[in-house]
Amino acid sequence: MQHLLFLNDRIEQKQIACYIHIPFCIKKCLYCDFYSITNLAQKNFFLSALCKEIDNYSKLYSEKVILSSIFIGGGTPSILPNKDIQTIFNKLKNRFVVDKDAEVTIEVNPGTALKNKLNKYFELGINRISIGVQSFNNKDLTFLSRIHNSKQAIKTI
């Protein structure tokens, strides 16, 4: 990564990437090896802990780094309500410097990627969507335990 030097405070800042894992899914897919759970009962506890972790890391690194990439993956981040995604992004933006040209990505499942969510993501500064489309064949999607069908995948794209 490129190093930047700010002459006014003489702090060398590295451009880094930030990955945040959202472990919640509606249904666990047959092929998935990523950590995920289908019980959303602990969602608020998780979000609170995530915000505290962002706070803790910012104390150690916020003056040393610029976020040049943010990737919200999972699980299924798009399972979360817009207000929860906004909370995560507000916390990151309040605690870290985010490069004005940062690539900001969120993973979505076509079964949870509603138009109002996608519009809100754009308003939050998300400029890249990673759409989980493993197939356009409905039999394959059923076999893989996906919650969407090919029509939903095409509509999302």
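You'll find the structure just up there.
I will try to describe carefully the structure that is included in this document. (Residues numbered from 1 in each chain as written. Predicted model: local features only at pLDDT ≥ 70, side-chain atom pairs only at ≥ 80, totals over all residues. Heavy atoms only, no water.)

Looking now at the overall build of the protein chain. Of the regular secondary structure elements, the protein chain holds five helices and five strands. Here the C-alpha coordinates of the protein chain stretch approximately 60 × 30 × 30 Å along the principal axes. Residues classed as buried in the protein chain amount to 40% of the 157 residues present. Expressed as a percentage of contacts within the protein chain between residues at least 6 apart in sequence, the contacts between residues at least 24 apart total 70%. (Helix = DSSP H or I, 4+ residues; strand = E, 2+ residues; numbered from the N terminus. Buried < 20%, exposed > 50% of the residue type's maximum accessible area, 1.4 Å probe, protein only. Contact = heavy atoms within 4.5 Å.)

Bringing the packing of aromatic side chains into the picture now. On inspection of all chains with the given rule, the structure shows three aromatic pairs. Centroid distance tyrosine 19 to phenylalanine 71: 5.9 Å. Interplanar angle 25°. Geometry classified as stacked. A residue pair is termed long-range when its members are at least 10 positions apart, and tyrosine 19 in strand β2 (residues 11–22) and phenylalanine 71 in strand β3 (residues 65–74) qualify at 52 residues. Ring centres of phenylalanine 24 and phenylalanine 46 lie 5.4 Å apart, and the angle between their planes is 90°; this geometry places the pair in the edge-to-face category. (Phe/Tyr/Trp six-rings, centres within 6.5 Å; stacked < 30°, edge-to-face > 60°.)

Moving on to the environment of aspartate 101. Looking at the element boundaries, aspartate 101 is found in strand β4 (residues 97–108). For the pair aspartate 101 and glutamine 13, spaced 88 residues apart in sequence, the C-alpha separation works out to 16 Å.

On the secondary structure map, alanine 113 appears in the loop between β4 and α3 (115–124). Expressed as a C-alpha distance, the spacing of alanine 113 and asparagine 56, which sit 57 residues apart in the sequence, is 31 Å. When neighbours within four sequence positions are excluded, alanine 113 is seen to be in contact with Val108, Leu118 and Thr156.

Turning our attention to the side chain of lysine 117. Tracing the backbone shows lysine 117 in helix α3. Salt bridges are absent for the buried lysine 117, whose nearest opposite-charge side chain, aspartate 84, sits at 8.6 Å. Not counting residues within four places of it along the chain, the set of residues in contact with lysine 117 comprises Ser78, Ile79, Leu80, Asn82 and Thr112. (Lys, Arg positive; Asp, Glu negative; His and termini not counted. Salt bridge = Lys/Arg side-chain N within 4 Å of Asp/Glu carboxyl O.)

Another aspect to go through is helix α2 (residues 82–95). With 14 residues, α2 ought to run about 20 Å at 1.5 Å a step, and its terminal C-alpha atoms sit 20 Å apart, in line with that. Along α2, the residues that are buried comprise Asn82, Asp84, Ile85, Ile88, Phe89, Lys91 and Leu92. (Expected span 1.5 Å × (residues − 1).)

Purely geometric numbers; function is a separate question.
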